[in-house]
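# Tertiary structure, described
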Amino acid sequence: MIDKDEMFPPILKASPSFTPMWEEFLEEWKDENDLPLYLVLGELSRHIASLVEARKVDELKEIFLIVEHWHIEGSAYVKEAATVGLLEELQGENNAVSIEAYLLTESKRWWLKVNEFWDSGKLIRES
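Structural notes, computed from the coordinates. Everything quoted here is computed from the prediction, not taken from an experiment.

How each quantity is defined
- Residues numbered from 1 in each chain as written.
- Predicted model: local features only at pLDDT ≥ 70, side-chain atom pairs only at ≥ 80, totals over all residues.
- Heavy atoms only, no water.
- Helix = DSSP H or I, 4+ residues; strand = E, 2+ residues; numbered from the N terminus.
- Core = buried A, V, L, I, M, F, W, Y, C linked by side-chain atoms within 4.5 Å.
- Buried < 20%, exposed > 50% of the residue type's maximum accessible area, 1.4 Å probe, protein only.
- Contact = heavy atoms within 4.5 Å.
- Axes fitted to C-alpha atoms, helices over the stretch in contact; angles between N-to-C directions.
- Parallel < 35°, antiparallel > 145°, perpendicular 65-115°, else oblique.
- Left-handed = near helix turned anticlockwise from the far one by under 90°.
- Nonpolar A, V, L, I, M, F, W, Y, C, P; charged D, E, K, R; others polar.
- Salt bridge = Lys/Arg side-chain N within 4 Å of Asp/Glu carboxyl O.
- Phe/Tyr/Trp six-rings, centres within 6.5 Å; stacked < 30°, edge-to-face > 60°.
- Lys NZ or Arg CZ within 6 Å of the ring centre and 35° of its normal.

Right, let's get into unusual backbone geometry. Even without being a glycine, arginine 55 presents a positive backbone phi close to 55°. Among the secondary structure elements, arginine 55 is positioned in the loop between helix H3 (37-53) and helix H4 (57-73).

Moving on, we get to the nonpolar core. Ranked by internal contacts, the top residues of the largest apolar core, which has 33 residues, are Phe8, Leu44, Ile48, Phe64 and Trp70. Secondary-structure elements contributing two or more residues to this core are helix H1 (8-14), helix H2 (19-28), H3, H4, helix H5 (76-91) and helix H7 (105-120). The residues contacting phenylalanine 8, other than those within four sequence positions of it, are Phe18, Trp22, Leu37, Val40, Leu41 and Leu44.

Bringing the side chain of serine 107 into the picture now. Residue position: serine 107 is located in helix H7. Classification of serine 107 as buried rests on a relative accessible area of 0%. Excluding residues that lie within four positions of it along the chain, serine 107 makes contacts with Val67, Glu68, His71 and Leu87.

Let us look at the packing of H3 against H5. Packing of H3 against H5 leaves a shortest axis separation of 9 Å and a crossing angle of 45°. The orientation of H3 relative to H5 falls into the category oblique. As H3 packs across H5, the resulting crossing turns out to be right-handed. Each of Leu37, Tyr38, Leu41, Gly42, Leu44, Ser45, Arg46 and Ile48 in H3 lies in contact with H5, whose residues at this interface are Tyr77, Glu80, Ala81, Val84, Gly85, Leu86, Glu89 and Leu90. Residue composition of the contact of H3 with H5, by class: ten nonpolar, three polar and three charged.

Our focus in this paragraph is the pattern of salt bridges. Scanning all chains against the criterion turns up six salt bridges. One salt bridge in this structure joins arginine 46 and glutamate 89, with 3.6 Å as the shortest N-O distance. Of this pair, arginine 46 sits in helix H3 while glutamate 89 sits in helix H5, placing them 43 residues apart in sequence. Residue classification places arginine 46 among the partly exposed positions, given a relative accessible area of 40%. The exposure class of glutamate 89 is partly exposed, given its relative accessible area of 34%. Linked by salt bridges that have partners in common, Glu43, Arg46 and Glu89 make up one network.

A word on the packing of aromatic side chains. Counted according to the given criterion, the structure contains six aromatic pairs. Between tyrosine 38 and tyrosine 77 the ring centres are 5.9 Å apart and the planes differ by 85°, which places this aromatic pair in the edge-to-face class. Separated by 39 residues along the polypeptide, tyrosine 38 in helix H3 and tyrosine 77 in helix H5 bring together distant segments of the chain. For tyrosine 38, a relative accessible area of 29% translates into the label partly exposed. Chaining the aromatic ring pairs together yields one cluster made of Phe8, Phe18, Trp22, Phe25 and Trp70. Above the plane of the ring of tyrosine 77 lies lysine 4, whose end atom (NZ or CZ) is 4.7 Å from the centre. Over the ring of tryptophan 110 we find lysine 113; its NZ or CZ atom is 5.2 Å from the centre of that ring.

Structural data, given as structure tokens:
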């Protein structure tokens, strides 16, 4: 099972260009025992959007493979963070349609649940 402390090392390996943002986040929150990962997931969302614009296909595929693992193998916190902290944020990006093309099966399922929530108010949960 992937715990929240294990979420970001694979992202940093897949996308080294995200490292400066991660390090800035760590520096800002260095006095906290429990890092507010939802905040850095917003940064990751913007980073992903920039990768889509730059057409960094291989890097995007690696990132979304990790996001898929978060959805499948993550703790409850990791799964929720992947959906509400990342996918929901990505849907607000200008190139959400392009982003959707990189989603794998489980991530796509949760992406659609987020859409359904915004369209009809249906709660986002396992069904």
